[in-house]
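Descriptive structure summary
Below are the chains, spelled out letter by letter.
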Amino acid sequence: MSQKDELKIKVILLGNGSVGKTSLASRFTRDKFASTYKPSLGVDFMVKRMEYEGRNVKILVFDTAGQEFISSLRKRYYAGASGAVIVYDITSRRSFEDLSRWVEEVRGEVGNIHTIFVGNKTDLSEDREINLEEAKSYADKMEGEYIESSAKFGDKVIDIFIPFIEAALKHENGMVKRI
C-alpha cells in the first residue's frame, strides 16, 4: 500500500512533568529509552509507521510538556486529535491526583475523545503509591481505558496505542478523524 492509503491517527500525550510521557513516546516510535530526565519544552512530535491487520498505519504522537506555564501553547496541538493518553507515575500520588486536571483540560479543548489512562513506571512497583483497583476505577469513572506500562523495559507500551488503531479501523468516518 502507498503512503496515500495510510490510516493516520493523531494521539496526544498528557500528564504531569516527569511521569514518562517522552519515554513512552520514544519507546513506542523508536524503541529507545533515555535514563536521564530532560523536561519537554512545548510539544514534541514523533511518528510511528506500522502495519496492523494488513493496513498501513501512521501514528502521530504529540508529546506535550506537563508544566502549567506552557498550557496555552500545549492546547494549540489538541485540535484534530483522535485520542488522548493521560499518563501518571504509579509511584507518585500527586501525578495520579492531577489526572482530573488533565481530563478537564483536554475535554475542554476537544470534547470527550477516546482516552487511555496509563500508569507508567511499573518497573518501580515496589514504590507503588496507587493500587491497580483504584486506577482502574478512576479510568472507568472517566469513561476511559486503563493500561500499566514500563517505558524503561518497553512493557505494554505498544498496547497503549492499539486501541486507537482498532477504533480508527472500525470508525474511519466517525470517532477517529483522518488528518
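Shown above is the structure to which this text applies.
Here, residues in each chain are numbered from 1, in the same order as that chain's written sequence. Per-residue local features are limited, in this predicted model, to residues with pLDDT of at least 70; the limit for side-chain atom pairs, both in listing and counting, is 80 or more; totals at the level of whole chains, interfaces and linings are taken over all residues. Derived side-chain values reflect all non-hydrogen atoms in the structure, with water molecules and hydrogen atoms excluded from consideration.

**Remarks on the packing of helix H1 (residues 21-30) against helix H6 (residues 157-170)**
The geometry of H1 relative to H6 is characterised by a closest axis approach of 9 Å and an angle of 80° between their N-to-C directions. Relative to H6, H1 is oriented roughly perpendicular. Contact with H1, carried on its side by Leu24, Arg27 and Phe28, involves Val157, Ile158, Ile160 and Phe161 of H6 and no other residues of that element. Ten residue types, Ala, Val, Leu, Ile, Met, Phe, Trp, Tyr, Cys and Pro, are classed as nonpolar, four, Asp, Glu, Lys and Arg, as charged, and the remainder, Gly among them, as polar. Across the contact of H1 with H6, the residue classes tally to six nonpolar, no polar and one charged. All axes here are fitted lines through C-alpha atoms, helices being fitted over the stretch that makes contact, and every angle between N-to-C directions spans 0 to 180 degrees. Counting from the N terminus, the helices are the DSSP runs of H or I reaching at least four residues and the strands are the DSSP runs of E reaching at least two. Between 65 and 115 degrees an angle is taken as roughly perpendicular, under 35 as roughly parallel, over 145 as roughly antiparallel, and anywhere else as oblique. Every residue pair with non-hydrogen atoms within 4.5 Å of one another is taken to be in contact.

**Description of the pairing of strand S1 (residues 7-14)**
Counting buried positions along S1 yields seven of eight residues, so the element is predominantly enclosed. The sheet contact formed by S1 and strand S3 (residues 55-64) spans seven bridges and is parallel. Bridging from a neighbouring strand, leucine 13 pairs with aspartate 63 of S3. Summarising the sheet, S1 and strand S4 (residues 83-89) pair through four bridges and their orientation is parallel. The residue bridging leucine 13 from the neighbouring strand is valine 85, located in S4. Summary of the burial criterion: residues with accessible area below 20% of their type's maximum are buried, those above 50% are exposed, and those between are partly exposed, where the area comes from a 1.4 Å probe applied to protein chains only. If DSSP finds at least two bridges between two strands, the strands pair.

**Some details on unusual backbone geometry**
Even without being a glycine, serine 18 presents a positive backbone phi close to 70°. Tracing the sequence through the fold places serine 18 in the loop between S1 and H1. The class for serine 18 is partly exposed, based on a relative accessible area of 38%. With phi around 60°, lysine 156 is a residue other than glycine that occupies positive phi space.

**Some points on the side chain of arginine 55**
Looking at the element boundaries, arginine 55 is found in strand S3. Judged by its relative accessible area of 15%, arginine 55 falls in the buried class. Counted as a polar contact is a pair of N or O atoms within 3.5 Å, where, for protein atoms, one must be capable of donating a hydrogen and the other of accepting one, and residues adjacent in sequence contribute only when both atoms are in side chains. Within the structure, arginine 55 has its side chain in polar contact with the backbone oxygen of aspartate 5 (distance 3.3 Å).

**Focus on the pattern of salt bridges**
Criterion for a salt bridge: a side-chain nitrogen of Lys or Arg within 4 Å of a carboxyl oxygen of Asp or Glu. Evaluated as defined, the whole model comprises six salt bridges. In this structure, aspartate 89 engages lysine 121 in a salt bridge whose closest nitrogen and oxygen atoms are separated by 3.2 Å. Here aspartate 89 is found in strand S4, whereas its partner lysine 121 is found in the loop between strand S5 (114-120) and helix H5 (132-141), with 32 residues between them in sequence. For aspartate 89, a relative accessible area of 7% translates into the label buried. Judged by relative accessible area, which is 21%, lysine 121 ranks as partly exposed.

**A few points about the packing of aromatic side chains**
Between the rings of Phe, Tyr and Trp (Trp by its six-membered ring), a pair exists once the centres lie within 6.5 Å; its type follows the angle of the planes, with under 30 degrees stacked, over 60 edge-to-face, and the other angles tilted. Taken as a whole and assessed by the stated rule, the structure comprises seven aromatic pairs. Ring centres 5.7 Å apart and planes at 65° place the aromatic pair phenylalanine 96 and tyrosine 138 in the edge-to-face group. One end of the pair, phenylalanine 96, is in helix H3 (residues 93-97); the other, tyrosine 138, is in helix H5, with 42 residues separating them in the sequence. Like tyrosine 138, phenylalanine 96 is buried. Only when the NZ atom of a Lys or the CZ atom of an Arg is both within 6 Å of the ring centre and within 35 degrees of the ring normal do we say a charge sits over the ring. Looking at arginine 101, its charged tip hangs above the ring of tryptophan 102, at a distance of 4.4 Å from the centre.

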